[in-house]
Amino acid sequence: MGSIKLRNIKVFAYHGCLEEEGQIGSDYRVDLTVKGDLSLSAKTDALKDTIDYVHLNKIVKEEMAIRSKLLETVAERILNRVMNELLIVQKVTVEVSKINPPIGGNVAMVRVKRSKNR
C-alpha cells in the first residue's frame, strides 16, 4: 500500500449559500490523499500501473467548477469520481477549504474533510 498526496490545489470557484458568493466567487484550497497498491508501478515504471496525479488534479478542477451551496457536496463529488474512475484507489480523503469565508470575523479559512474507502 502506498499513498499519493496533492497539496494546496488552488482554485477560484463560486460555492456558498449566499447569492453574492455565486456572483463574485472566492479562493479555495483542495488537499487530496489517495491510497492504493503502488507495488506494480514501482516495478514497471509505467503510468498505466499507478494512480495518475494528473487525473486526480483534473477531477478536482472539474468538480470545483460546478457550483454548490455546501463544501460537503463538492467533497462528495470529488470522492465519488476518484473511486469510480481510478479503480486502483482503495481510500481517498479530500479537504476542501474556503479562504477568507464571509462569516463576519477574521477567519483564515473553513475546511470540510471527507473520506471514502473501497
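Above this text is the structure in question.
Reading the values: rules and limits
Residues numbered from 1 in each chain as written. Predicted model: local features only at pLDDT ≥ 70, side-chain atom pairs only at ≥ 80, totals over all residues. Heavy atoms only, no water. Helix = DSSP H or I, 4+ residues; strand = E, 2+ residues; numbered from the N terminus. Buried < 20%, exposed > 50% of the residue type's maximum accessible area, 1.4 Å probe, protein only. Phe/Tyr/Trp six-rings, centres within 6.5 Å; stacked < 30°, edge-to-face > 60°. Patch = residues over 30% accessible without salt bridge, like charges linked within 9 Å, V, L, I, M, F, W, Y side chains within 5 Å. Areas by Shrake-Rupley, 256 points an atom, 1.4 Å probe, with all protein chains shown as cover. Salt bridge = Lys/Arg side-chain N within 4 Å of Asp/Glu carboxyl O. Lys, Arg positive; Asp, Glu negative; His and termini not counted. Charge placed at Lys NZ, Arg CZ, Asp CG, Glu CD. Expected span 1.5 Å × (residues − 1). Contact = heavy atoms within 4.5 Å. Pairing = 2+ DSSP bridges. Axes fitted to C-alpha atoms, helices over the stretch in contact; angles between N-to-C directions.

1. Let's talk about unusual backbone geometry
- Phi is positive for D45, close to 60°, though the residue is something other than glycine.
- The backbone of N100 shows a phi angle near 50°, a positive value even though the residue is not glycine.
- By the secondary structure assignment, N100 is in the loop between strand 3 (89–99) and strand 4 (109–117).
- Owing to a relative accessible area of 55%, N100 belongs among the exposed residues under this scheme.

2. A short note on the packing of aromatic side chains
- Per the stated rule, a full pass over the model turns up 1 aromatic pair.
- Taken together, a centroid distance of 5.5 Å and an interplanar angle of 85° make the contact between F12 and Y14 edge-to-face.
- Judged by relative accessible area, which is 44%, F12 ranks as partly exposed.
- By relative accessible area, which is 36% here, Y14 ends up partly exposed.

3. A closer look at a positive patch on the surface
- Taken together, the side chains of K5, R7, K35, K91 and K113 present a region of like positive charge at the surface.
- Tracing the backbone shows K91 in strand 3.

4. A closer look at helix 4 (residues 71–85)
- With 15 residues, helix 4 ought to run about 21 Å at 1.5 Å a step, and its terminal C-alpha atoms sit 21 Å apart, in line with that.
- Buried residues along helix 4 sit against strand 2 (26–36), helix 3 (53–64), strand 3 and strand 4.

5. Observations regarding the sheet that holds strand 3
- Within the open sheet, the 4 strands sit side by side as 1-2-3-4. Their pairing is antiparallel. In this open sheet, the two edge strands, each paired with only one partner strand, are strand 1 (2–13) and strand 4. Averaged over neighbouring strand pairs, the angle between their axes works out to 15° when direction is ignored.
- Across 9 bridges, strand 3 lies against strand 4 in antiparallel orientation. Bridged to I99 within strand 4 is M109.
- Strands strand 1, strand 2 and strand 3 of the sheet are contacted by helix 3, whose axis makes an angle of about 35° with strand 1.

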